[in-house]
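Summary of structural features
Chain by chain, the residues run as shown.
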Protein chains: 2
Amino acid sequence: MIRVALDAMGGDGAPAVPVRAARAALAEDDGELEVLLVGGPDVLRREIDASGGRPARLSVVAAAEAVEDDESPARAVRRKPDSSIAVGLRLQREGEADAFVSAGSTGAVMAGSVLLLGSLPGVDRPAIGAVVPTAAEPILLLDVGANVTTRPRHLRQFAHLGAIYVRELLGISEPRVGLLNVGEEPEKGDDVAVAAHDLLRSDAALRFAGNVEGHRIIEGDCDVLVCDGFVGNVVLKFYESIAGRVVALLEEASGGELRPEHRGIRRILDYAEYGGAPLLGVDGVAIVCHGASPPRAVRNAIGVAAQAVRSGIVDELERDLRSMAPRPR
Amino acid sequence: MIRVALDAMGGDGAPAVPVRAARAALAEDDGELEVLLVGGPDVLRREIDASGGRPARLSVVAAAEAVEDDESPARAVRRKPDSSIAVGLRLQREGEADAFVSAGSTGAVMAGSVLLLGSLPGVDRPAIGAVVPTAAEPILLLDVGANVTTRPRHLRQFAHLGAIYVRELLGISEPRVGLLNVGEEPEKGDDVAVAAHDLLRSDAALRFAGNVEGHRIIEGDCDVLVCDGFVGNVVLKFYESIAGRVVALLEEASGGELRPEHRGIRRILDYAEYGGAPLLGVDGVAIVCHGASPPRAVRNAIGVAAQAVRSGIVDELERDLRSMAPRPR
């Protein structure tokens, strides 16, 4: 049994979206999945009843509070021990759930995960990874917002976290790792990028693909692309916005539906396919979704969470990080 | 008469592309423009002859060398005083030209401009601005690569440089200035972004529009968007690559030509329209183009250079920068 705790109070469409997402995930699953909806029991029971009754393997875990978007994430986690985020993560710590999924405050999920699940040994800072479509295969971009500044050693840790993730979850046996930068040459970029290039290149456990410039992202010629959370966040949000706008314009131009000959474009622009960004480097499985996620994206995130549990990725990460040769910091 | 010196040795298609671009710019102009092609005289005369003879107001200025892409820009400018970039910029310093346009090494044009034209008073570091299409009107994004790291005061200088540029060249009387960041709130981002937000907000000479997240770039709800040259470079190159790929896929899907109903998409994705990024903060007019620029983009850059000269933007910038109240740095 794989038990996914789902934040039923987080996201613009809560609690309706999480309830529908849970229902859809369970309907598709072959019987191994269990979803624990975490939130206000009364409102959740009403929502479940209204949407057709409680399916098997869906249960409700009471959480009295919700973290609001305008709260300081770290403070919210400490001051609201009964928030759906804190309760959901605590279920995992206490062995009552295997994973946590939330479309609520990303900052609070991150702060809560570090506090309640802890970081893996060798990880200074967890990172948020986002699976980004390209003209070739999707790649994992990280960090996309957990850390606005990074040191070279953090980028190396991100490289390891990302490489194991795409190996275990995307099935890429020897992932190529790129470093997002302003030029191809090793000496390009700021001091952090130059030093990170050097660390990544001399790490025999990584298949380093060198610096990747902005216009190469879309080519998909690496599997993992590491960067600081500032540039990663800007690039990810920018990509999503262009993608959404181009697809909307195409649909509008053809009267509502995308033309069959434009499906190739949708493939490189469609985010909802992926839905759910893993928080990597914590001692557990935590997946964050956009606040505006539709049920389909949250359902996919539940699927990603279950897959992460099934793959045993947390153990894999621990093993890999232990084997990281100690390096000058 | 407006005299534009054009680097005839820079860019992937040199010297054919610059010669064709010069010819096109002169053909369209009403008689006020003069183009000085800077490069190897023999090869240029042959190219001019082959392309139909020398038009009026086109002349050749000899430069014995070219800066190669793999050279260190600063070193190349110092060690090659007879490069087309150095000669072209020197023409402007000596009053024999009013502007310089190059599709050669951006780094060398920047280093050369600082060395040979000098920076404007009050400017610590010049910035490269790029006019970026959006769903509304185009905006000026800067810096897109001159400075991989910036301090808050640099971002404030970029804001002033950008605001005057869009006022004089895009005709926007009170430009809104945004700060590219990972969140809307003033406290979001790294230390530089937080301090820059504060500087920009308290600058009465600027119309500050606040932080702009990655997904808001495309909305065009500011006219000038400031950022460090690392993130600006990544975003610009990423945008160009997506734009190129989507337009290519659309053309392919409709058998070569863009469908009329897709012109709205092209409008937000078409870079060649703009062609030519100003180097702002130097005491003169210098416009850089992509190395891969087609003649149309270089022709547009010549037009931008002429317009910059006509607008008297360098004087405007000097006046504005002088009026910048001294602030804590």
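These numbers come from a predicted model, not from an experiment. (Residues numbered from 1 in each chain as written. Chains lettered and ligands numbered in written order. Predicted model: local features only at pLDDT ≥ 70, side-chain atom pairs only at ≥ 80, totals over all residues. Heavy atoms only, no water.)

Next up on the list: the sheet that holds strand β9 (residues 224-226) of chain A. Residue and element names in this part refer to chain A. Ordered by their spatial adjacency, 11 strands build an open sheet running β3-β2-β1-β4-β11-β10-β5-β6-β9-β7-β8, and the pairing between neighbours is mixed. Of all strands in the sheet, those bounded by a partner on one side alone are β3 (58-62) and β8 (207-212). Strand-to-strand, the axes of this sheet are offset by a mean angle of 25°, without reference to chain direction. Pairing of strand β4 (residues 99-102) with strand β11 (residues 286-288), which is carried by three bridges, proceeds in the parallel orientation. By the bridge assignment for β11, Val-101 is matched with Ile-287. Most of the contacts of helix α6 (residues 152-169) go to β9, to which it runs at about 160°, and overall it touches β5 (127-132), β6 (139-142), β7 (176-180), β9 and β10 (277-280). (Pairing = 2+ DSSP bridges. Helix = DSSP H or I, 4+ residues; strand = E, 2+ residues; numbered from the N terminus. Axes fitted to C-alpha atoms, helices over the stretch in contact; angles between N-to-C directions. Contact = heavy atoms within 4.5 Å.)

With that settled, consider the packing of helix α6 (residues 152-169) of chain B against helix α11 (residues 313-323) of chain B. All names here are of chain B. At a minimum axis separation of 10 Å, α6 and α11 run at an interaxial angle of 140°. Here α6 lies oblique to α11, going by the angle between them. For the pair α6 and α11, the crossing hand works out as right-handed. On α11, the residues that touch His-160, Leu-161, Ile-164, Tyr-165, Arg-167, Glu-168 and Leu-169 of α6 are Ile-313, Glu-316, Leu-317, Asp-320 and Leu-321. Looking at the contact of α6 with α11 residue by residue, the classes come out as seven nonpolar, one polar and four charged. (Parallel < 35°, antiparallel > 145°, perpendicular 65-115°, else oblique. Left-handed = near helix turned anticlockwise from the far one by under 90°. Nonpolar A, V, L, I, M, F, W, Y, C, P; charged D, E, K, R; others polar.)

Looking now at the pattern of salt bridges. All names here are of chain A. All chains considered together, the criterion is met by 32 salt bridges over all chains. Note that Glu-168 is salt-bridged to Arg-167, the shortest N-O span being 3.0 Å. Take Glu-168: its relative accessible area is 24%, and that puts it in the partly exposed class. Judged by relative accessible area, which is 30%, Arg-167 ranks as partly exposed. Residues joined by salt bridges that share partners form a network here, namely Arg-167, Glu-168, Glu-316 and Arg-319. (Salt bridge = Lys/Arg side-chain N within 4 Å of Asp/Glu carboxyl O. Buried < 20%, exposed > 50% of the residue type's maximum accessible area, 1.4 Å probe, protein only.)

A few words now on α6 of chain A. Residue and element names in this part refer to chain A. In this model α6 runs 26 Å from its N-terminal to its C-terminal C-alpha over 18 residues, within 8% of the 26 Å that 1.5 Å per residue would give. For α6, a buried count of 14 out of 18 residues is recorded, marking the element as mostly surrounded by other parts of the structure. Trailing α6 by a residue or two, Gly-171 shows a phi angle of about 70°, which is positive. (Expected span 1.5 Å × (residues − 1).)

Moving on, we come to the pairing of strand β1 (residues 2-7) of chain B. Residues and elements named next belong to chain B. Counted residue by residue, β1 has five buried out of six residues, so it is predominantly covered. As paired strands, β1 and strand β2 (residues 33-39) are joined by six bridges and run parallel to one another. Across the sheet, the residue bridging to Ala-5 is Leu-36, located in β2. Once you follow β1 into helix α1 (residues 16-28) and on to β2, the crossover reads as right-handed. Both β1 and strand β4 (residues 99-102) contribute to a ladder of three bridges, which runs parallel. Residue Leu-6 lies in a different strand from β4, and its bridge partner there is Val-101. (Right-handed = clockwise from strand over helix to strand, strands pointing away.)

One finds Leu-225, Val-231 and Leu-269 of chain A together with Leu-225, Val-231 and Leu-269 of chain B to be the most contacted residues of the largest nonpolar core, which totals 114 residues. When sequence neighbours within four positions are dropped, the list of residues in contact with Leu-269 of chain A reads Tyr-239, Ala-243, Val-246 and Val-247 of chain A together with Val-246 of chain B. Listed in part, the 58 residues of the second largest apolar core include Ala-127, Cys-289, Ala-308 and Leu-317 of chain B. (Core = buried A, V, L, I, M, F, W, Y, C linked by side-chain atoms within 4.5 Å.)

Superposing chain B onto chain A takes a rotation of 180° combined with a translation of 0.0 Å along the rotation axis, leaving an RMSD of 0.0 Å. Taken together, the turn and the small shift mark the pair as related by a two-fold rotation axis. For chain B, the residue whose C-alpha comes nearest the rotation axis is Val-231 of chain B, separated from it by 2.7 Å. A share of 100% of the interface residues of chain B reappears at the interface of chain A, consistent with the copies meeting face to face through the same patch. (Least-squares fit on C-alpha atoms with pLDDT ≥ 70 in both.)

With that settled, consider a negative patch on the surface. Together, Asp-12, Glu-68, Asp-69 and Asp-70 of chain A give the surface a local cluster of negative charge. A relative accessible area of 43% places Glu-68 of chain A in the partly exposed class. (Patch = residues over 30% accessible without salt bridge, like charges linked within 9 Å, V, L, I, M, F, W, Y side chains within 5 Å. Areas by Shrake-Rupley, 256 points an atom, 1.4 Å probe, with all protein chains shown as cover. Lys, Arg positive; Asp, Glu negative; His and termini not counted. Charge placed at Lys NZ, Arg CZ, Asp CG, Glu CD.)

All names here are of chain B. With five bridges joining them, β2 and strand β3 (residues 58-62) adopt parallel strand pairing. Across the sheet, Val-35 pairs through a bridge with Leu-58, a residue of β3. Tracing the backbone out of β2, into helix α2 (residues 41-50) and back to the parallel element β3 gives a crossover that is right-handed.

Let us look at the interface of chain B and chain A. Chain B puts 37 residues into the contact, and the matching count from chain A is 38 residues. In total, chain B and chain A occlude about 3500 Å² of area from one another, counting both sides; carbon and sulfur atoms represent 76% of this. Of all residues in chain B, Phe-230, Phe-238 and Arg-245 of chain B bury the most surface against chain A, accounting for 19% of the area lost on that side. When the shortest N-O distance is used, the salt bridge between Arg-245 of chain A and Glu-219 of chain B registers 3.0 Å. In this structure, the connection of chain B to chain A is made through six residue pairs in polar contact (both at pLDDT 80 or more). Counting only elements with at least two residues in the side of chain B that touches chain A, the list comes to α8 (229-253) and α9 (263-269) of chain B. Counting residues per element, the side of chain B that touches chain A draws most heavily on α8 of chain B, which supplies 16 residues. (Buried area = accessible area lost by both parts, 1.4 Å probe. Polar contact = N/O pair within 3.5 Å; in protein donor to acceptor, adjacent residues only side chain to side chain.)

Here we come to unusual backbone geometry. All names here are of chain A. A cis amide bond links Ala-14 with the next residue in sequence, Pro-15, at an omega value of 0°. Here the phi dihedral of Arg-57 falls at roughly 65°; this positive angle occurs in a residue that is not glycine. Among the secondary structure elements, Arg-57 is positioned in the loop between α2 (41-50) and β3.

For the rest of this paragraph, the subject is the packing of aromatic side chains. Inspection of every chain in the model, using the stated rule, returns three aromatic pairs over all chains. Aromatic side chains Phe-238 of chain A and Tyr-239 of chain B sit 4.9 Å apart centroid to centroid with 80° between the ring planes, which places their arrangement in the edge-to-face category. Taken as a pair, Phe-238 of chain A in helix α8 (residues 229-253) and Tyr-239 of chain B in helix α8 lie in two separate chains rather than in one. Each of the two residues, Phe-238 of chain A as well as Tyr-239 of chain B, counts as buried. Among the aromatic residues, ring-to-ring pairing joins Phe-238 and Tyr-239 of chain A together with Phe-238 and Tyr-239 of chain B into one connected group. (Phe/Tyr/Trp six-rings, centres within 6.5 Å; stacked < 30°, edge-to-face > 60°.)

Glancing now at the confidence of the model for chain A. The share of residues in chain A with pLDDT of 70 or more is 97%, and the mean pLDDT across the chain is 92. With a pTM of 0.93, the predicted complex shows an ipTM of 0.91. (pLDDT = per-residue confidence, 0-100.)

Another aspect to go through is the side chain of Ser-241 of chain B. Positionally, Ser-241 of chain B belongs in helix α8. Discounting chain neighbours no more than four positions away, the residues touching Ser-241 of chain B are Gly-214, His-215 and Ile-218 of chain A.

This part takes up the sheet that holds β4 of chain B. Residue and element names in this part refer to chain B. The mixed open sheet is built from 11 strands, whose spatial order is β3-β2-β1-β4-β11-β10-β5-β6-β9-β7-β8. What marks the edges here is a single partner per strand, and that holds for β3 and β8 (207-212). Adjacent strand axes in the sheet meet at a mean angle of 25° when their direction is disregarded. Lying on the sheet, α6 is in contact with β5 (127-132), β6 (139-142), β7 (176-180), β9 (224-226) and β10 (277-280); it crosses β9 at an angle near 160°.

Residue and element names in this part refer to chain B. Packing of α6 against helix α7 (residues 191-201) brings their axes to within 8 Å, and their N-to-C directions diverge by 45°. By the angle class used here, α6 and α7 are oblique. Crossing of α6 over α7 shows right-handed handedness. Residues Pro-152, Arg-153, Leu-155, Arg-156 and Ala-159 of α6 pack against Val-192, Ala-195, Ala-196, Leu-199 and Leu-200 of α7. Its residues placed into classes, the contact of α6 with α7 shows eight nonpolar, no polar and two charged.

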